[in-house]
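Structural description and commentary
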Amino acid sequence: MPVIDAWMQHPTLRLSSHEMFASLRRWTGQRPLEEPLPVEATVSAMAAAGVEIGLSAAWYGPQGPLISNDEVAECVARSGGRLRGVAGADLTRPVQAVRELRRAVAELGFVALRIIPWLWQLPPTDRLYYPLYAACVDLGIPFCTQVGHTGPLRPSETGRPIPYIDQVALDFPELTLVCGHIGHPWTTEMIAVADKHANVHIDTSAYTTRRYPPELVDYLRGRGRRKVLFGSNHPMITPARALEHLGELGLDEETTELFLSGNARRVFRL
């Protein structure tokens, strides 16, 4: 069954070696890259798990891009059609950020925008996000973000689904939101927000199937079958490792297809 990975990145040396990921390196045993990683390595990791398409994202923070939109575009071009680009933007320069987003979509063919609130230490309700939300609606692309606690060494408050995602969905009912990393320890809040708003979705990135909270598994098996997308967070977790125990979730065939690819295909218009 084909797979679409809704949350991944092809790392640069800048991203791999950043001090804020020290906690992740401690948990995973990974070491910073010593030389650039070839795109073929990411494509190979995708192929090992049957990943047909990976949504590879840029990373922009207050100190500048850790992965720029143009670097993502280069990886996409060298991936043999296996990667799609997800844009990043500099929140502190809203006019330029909107122009850059429009360029990424119109010229580079990107399919979404992703902002990681803890990088900026600004919740998704901060006014600096709002021009980008309007642009996403206008461009017809989803806005992707992180919910839940932060593994990296940054405060977690910005990842709360309530009040932040709930308020954004109220202010922009036409905006499609994909909330990555499940929302733990606020998973029940995240499910409530996804239930409440037609255009709010959850992706499972940064978690292996054995670590999905029971409430998320129940949601995925039932009323949330069209709301939950698979994501790995590669290279922190490879797609194969993320999906290793998928059969233990007890999903029927239709739900499995929606989870692995159908929901992402619909949400990102792939």
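Coordinates for the structure precede this section.
This section reports on the structure supplied with the text. (Residues numbered from 1 in each chain as written. Predicted model: local features only at pLDDT ≥ 70, side-chain atom pairs only at ≥ 80, totals over all residues. Heavy atoms only, no water.)

1. Quick notes on the overall build of the protein
For the protein, the count of helices and strands is twelve helices and ten strands. On C-alpha atoms alone, the protein measures out to a radius of gyration of 17 Å, which is about the 18 Å that the 2.2 N^0.38 rule sets for 270 residues. With the C-alpha coordinates of the protein rotated into their principal frame, the extents come out at 45 × 40 × 35 Å. Burial statistics for the protein: of 270 residues in total, 57% are counted as buried. Restricting the contact set of the protein to residue pairs at least 6 apart, pairs at least 24 apart contribute 78%. (Helix = DSSP H or I, 4+ residues; strand = E, 2+ residues; numbered from the N terminus. Rg over C-alpha atoms; globule rule 2.2 N^0.38 Å. Buried < 20%, exposed > 50% of the residue type's maximum accessible area, 1.4 Å probe, protein only. Contact = heavy atoms within 4.5 Å.)

2. Quick look at the environment of A242
Checked against the element boundaries, A242 lands in helix α11 (residues 239-242). Given the relative accessible area of 0%, A242 is considered buried.

3. Some thoughts on the packing of helix α9 (residues 187-196) against helix α10 (residues 214-221)
Each pair of packed helices gets described by two things: the angle between the helix axes and the distance between those axes. Contact pair α9 / α10: the axes reach a minimum separation of 9 Å and the direction vectors enclose 25°. In terms of orientation, α9 and α10 fall into the roughly parallel class. Pair α9 / α10 crosses with left-handed handedness. On α10, the residues touching T187, T188, I191, A194 and D195 of α9 are E215, L216 and Y219. Here the contact of α9 with α10 is composed, by residue class, of four nonpolar, two polar and two charged. (Axes fitted to C-alpha atoms, helices over the stretch in contact; angles between N-to-C directions. Parallel < 35°, antiparallel > 145°, perpendicular 65-115°, else oblique. Left-handed = near helix turned anticlockwise from the far one by under 90°. Nonpolar A, V, L, I, M, F, W, Y, C, P; charged D, E, K, R; others polar.)

4. Brief notes about the pattern of salt bridges
Overall, the coordinates contain twelve salt bridges when judged by the stated rule. The salt bridge involving R160 is made with E189; its shortest N-O contact spans 3.2 Å. Highlighted residues: R160 in the loop between β7 (143-146) and α8 (161-171) and E189 in helix α9, separated in sequence by 29 residues. Judged by relative accessible area, which is 24%, R160 ranks as partly exposed. R223 is the partner of D195 in a salt bridge, and the nearest nitrogen-oxygen pair spans 2.7 Å. Of this pair, D195 sits in helix α9 while R223 sits in the loop between α10 and β10 (228-229), and the two are 28 residues apart along the sequence. Given the relative accessible area of 38%, D195 is considered partly exposed. For R223, a relative accessible area of 60% translates into the label exposed. (Salt bridge = Lys/Arg side-chain N within 4 Å of Asp/Glu carboxyl O.)

5. Points about helix α12 (residues 253-267)
Taking 1.5 Å of rise per residue, 15 residues should cover 21 Å, and α12 covers 20 Å from first to last C-alpha, within 8% of that figure. A bend of about 55° at F259 is the largest found in α12. Turning to α12, its buried residues number three or more, namely T255, T256, L258, F259, L260, S261, G262, N263, A264 and V267. On its buried face, α12 sits against β1 (3-8), β8 (177-180), β9 (200-203), α10 and β10. Capping of α12 at its N-terminal end is provided by D252; its side-chain oxygen lies 3.2 Å from the backbone amide nitrogen of E254. (Expected span 1.5 Å × (residues − 1). Bend = angle between axes of the 7 residues up to and from the residue. Polar contact = N/O pair within 3.5 Å; in protein donor to acceptor, adjacent residues only side chain to side chain.)

6. Some points on the sheet that holds strand β2 (residues 51-57)
As summarised here, the arrangement of the eight strands in space is β1-β2-β5-β6-β7-β8-β9-β10, forming an open sheet in which the pairing is parallel. Of all strands in the sheet, those bounded by a partner on one side alone are β1 and β10. Pairing between β2 and strand β5 (residues 83-87): four bridges, direction parallel. Within the sheet, the bridge partner assigned to G54 lies in β5 and is L83. Relative to β8, α8 is tilted by about 170°, and along the sheet it contacts β7, β8 and β9. (Pairing = 2+ DSSP bridges.)

7. Topic: the nonpolar core
Of all hydrophobic cores here, the largest spans 73 residues; its most connected members are W59, L101, L113, F143, V200, Y212 and F259. Residue contributions to this core peak at five residues, all from helix α5 (residues 94-106). Beyond its immediate stretch of four places on either side in the chain, Y212 contacts I182, T204, Y207, V217, F230, L249 and F259. Counting 14 residues, the second largest nonpolar core, distinct from the first, contains A6, A57, V111 and F268. (Core = buried A, V, L, I, M, F, W, Y, C linked by side-chain atoms within 4.5 Å.)

8. Overview of the packing of aromatic side chains
Under the criterion given, the structure shown has nine aromatic pairs. Taken together, a centroid distance of 5.9 Å and an interplanar angle of 20° make the contact between Y129 and Y133 stacked. Across the pair, exposure class does not vary: Y129 and Y133 are buried alike. Note on Y133: relative accessible area 0%, which makes it buried. Clustering of aromatic rings is evident, with ring pairs tying together Y129, Y130, Y133, F143 and F172. Across from the ring centre of W7, 3.9 Å away, lies the NZ or CZ of R114, which sits over that ring. (Phe/Tyr/Trp six-rings, centres within 6.5 Å; stacked < 30°, edge-to-face > 60°. Lys NZ or Arg CZ within 6 Å of the ring centre and 35° of its normal.)

Interpretation note: all reported values are geometric properties and have no functional meaning in isolation.
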